[in-house]
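Here is what each chain is made of, one letter per residue.
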Amino acid sequence: MSETIAQQLASRLNAALAKTDFAHDMPEGFSAQIDQAQNRQFGDYQSNAAMILAKQLKRNPREIATAIAGTFDGGEFSEKPEIAGPGFINFRLTTTALEERFKALLDDPALLGVAQVEVPQTIVTDFSAPNVAKPMHVGHIRGTIIGDCLVRMSRFIGNNVVSDNHIGDWGTQFGMIIWGWKNLLDKSAIEADPIPELLRIYREVNAKQKDDAELAEACREELVKLQGGDEENLAIWEKTIEVSKIGLQKIYDRLEIEFDYWLGESFYNSQLAPLVDELMAAGIAEESDGAICVFFPDDEKMADKPAIIRKSDGGFLYATTDLATIDYRIKQLKADAAWYVVGAPQQLHFDQIFEISRRRGQNADLQFIPFGSILGKDRKMLRTRSGDTVQLADVLDEAVERAYQIVDKKNPDFSEKEKRDIAEVIGIGSVKYAELSQFRMTDYIFDWDTMLALKGNTAPYLINAYVRTRAIFRKLGSDFEPGGAITLTADAEKDLVLKLAQFSETVPAALSDFRPNTLANYLYELATTYHKFWEACPVLKEEGAVRETRLALCELTGQVLRKGLGLLGIRTTEKM
RNA sequence: GCACCCAUAGUAAAAUGGAUAUUACGUCGGUUUCCGGAGCCGAAGGUCCAGGUUCGAUUCCUGGUGGGUGUACCA
């Protein structure tokens, strides 16, 4: 079952086109597309091929649509197409086709109809990438969760996806941290819980050095010593990274995110000087005001904005590191593509390094996948009352605690452990879903009440729909048994089957433009379609084939919801 | 200055150039002898402005307005 319904209809439609009297007048390579119907009152699928052809053939679109409908052979698959409006061709699947599709999906629990890519690509994904020595704050949520979701989806369709956490472990902040370590460190605090202590000294030094030129200079000197290989400073640096990674890993564990590699900025240090030399030798880079730069005179976005790859004092910048990183990913990791899930403000930077990569003759498919900001209710950057950035760990804690309160109120008789487990699934799931359910570029307002609402397009609603699919089998007293008779009688059943079949069309669509919200919206629609089925079609009081069919619908809905939420990185629970 | 991103009901969001612009929250009304009502059914309310391309524009192009961001030695 590698073809989607849309693809099968498209094949039949193109066969019909070849049989029309204008078949030879069509533009070369013309291939008609089939879309899911915008509005179900018109049918299940639609094509606007007649209107496109009408323009090119200079003929009446309805006339062309009628001709296509006349040669269209729907077989047992599709009813006779209908012509509507200015020239839409509308298709409705036969009950037989839906039943066959339904059986095929039941036989394919691993993929649920989603086709595998013909030629798997090696794709390196770059996301999350926090600075070490600073805890992750809410700003890191989006990239981390969106990146992880893209990894899951891309793996699911068969690609070889490598996740790489390009942590910021080599920057100017280390001058401040090392100075703070030497002068401000509370030894007992660093042993008890290193992350808050590191944050404390970083914040303290950072605040002071802003209007203390002497301190700023002292920090720079510590940085120079570190870069020069000073043993004491290197030891502090290593220790800092070690404890930071442990702290970061705790959060990733909680989010159930794994990285194949943690190749931070420092990993590329030795490759920076040769890279700059190579770019100079190739004539791509040139000296300007003492710095080594690459210019882009032909691109209006960057015409007056050079990329600096070496400072006049000899130091390297993150553009240099990112170029070395591209090298490594192509040469060592054998990447066909690299996806960068990074905040929108970095657009220019990635335009520049991607262009430099192209000039070097590299042809990997480099994708910048930007996202917008998270704002507080006042539409400004989210901050705590004291003005600090909000830490990610605190967000997760609060989400889980709020979820616990709801579960506890709703189901006080659940065991304490059950309530805690459920709260973890719902709390973390809600934070993730709030991110993934909207277009990644729009700035979004962080609001607990919206995120954890029990109704509407939220994680609790979707998880609840899944719980309902399970509740049936609890009531039944046994798990689903495959192989039962299938017969679709009610419209609500057919609507649900069609929706379930469209999972296979949704995953590739969501991935094609890096939009997890397409999948999230699909799951929400699936849940509402299921709830409508639930209202219209009693299950356990029926008998025979109708009962078996409806049990199978509950089972398959549960499978698609669990799989779909899983692709978003969200777990399900059996009860809530 | 230059560049990039964004603009859709009271609020928050959807919509490969397609039909009557789709949801949610909130508001108002209906619905429960039934498998989890955390549901379902219904009502009111909207594409920043001006041009252009098109049979057709929320979508593409041009110019405004408003907001955000970036822009030679941070990342």
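From a predicted model like this one, the values you see are computed outputs, not experimental measurements. (Residues numbered from 1 in each chain as written. Chains lettered and ligands numbered in written order. Predicted model: local features only at pLDDT ≥ 70, side-chain atom pairs only at ≥ 80, totals over all residues. Heavy atoms only, no water.)

Caption draft 1: Main features of the domain arrangement of chain A. When its domains are assigned, chain A resolves into domain 1 (5-93), domain 2 (173-255) and domain 3 (392-567). Taking the mean C-alpha position of each, domain 1 and domain 2 sit 65 Å from one another. (Domains from an automatic or database assignment.)

Caption draft 2: Highlighting the packing of aromatic side chains. One pass over the structure, following the stated rule, counts 21 aromatic pairs. Relative to Trp448, the ring of Phe446 lies with its centre 5.1 Å away and its plane at 85°, an arrangement referred to as edge-to-face. In this structure, Phe446 and Trp448 share a single accessibility class: buried. Through successive ring pairs, a cluster of aromatic residues spans Phe127, Tyr252, Phe259 and Trp262. Over the ring of Tyr404 we find Arg420, and its NZ or CZ is 3.7 Å from the ring centre. Over the face of the ring belonging to Phe414 we find Lys575, whose NZ or CZ atom lies 5.0 Å from the ring centre. (Phe/Tyr/Trp six-rings, centres within 6.5 Å; stacked < 30°, edge-to-face > 60°. Buried < 20%, exposed > 50% of the residue type's maximum accessible area, 1.4 Å probe, protein only. Lys NZ or Arg CZ within 6 Å of the ring centre and 35° of its normal.)

Caption draft 3: Representation of the side chain of Arg101 in the model. Relative to the assigned elements, Arg101 resides in helix 4 (residues 95-106). Comment: no salt bridge for buried Arg101; closest opposite-charge side chain is Glu505, at 6.3 Å. Reaching out from Arg101, the side chain makes a polar contact with the backbone oxygen of Glu3 at a distance of 3.0 Å. (Helix = DSSP H or I, 4+ residues; strand = E, 2+ residues; numbered from the N terminus. Lys, Arg positive; Asp, Glu negative; His and termini not counted. Salt bridge = Lys/Arg side-chain N within 4 Å of Asp/Glu carboxyl O. Polar contact = N/O pair within 3.5 Å; in protein donor to acceptor, adjacent residues only side chain to side chain.)

Caption draft 4: Quick peek at the packing of helix 8 (residues 194-209) against helix 10 (residues 231-255). Running from N to C, helix 8 and helix 10 cross one another at 120°; their axes reach a closest spacing of 9 Å. Considering the angle they form, helix 8 stands oblique to helix 10. Of the two possible hands of crossing, helix 8 and helix 10 adopt the one that is left-handed. On helix 10, the residues touching Pro194, Ile195 and Leu198 of helix 8 are Thr240, Val243, Ser244 and Gly247. (Axes fitted to C-alpha atoms, helices over the stretch in contact; angles between N-to-C directions. Parallel < 35°, antiparallel > 145°, perpendicular 65-115°, else oblique. Left-handed = near helix turned anticlockwise from the far one by under 90°. Contact = heavy atoms within 4.5 Å.)

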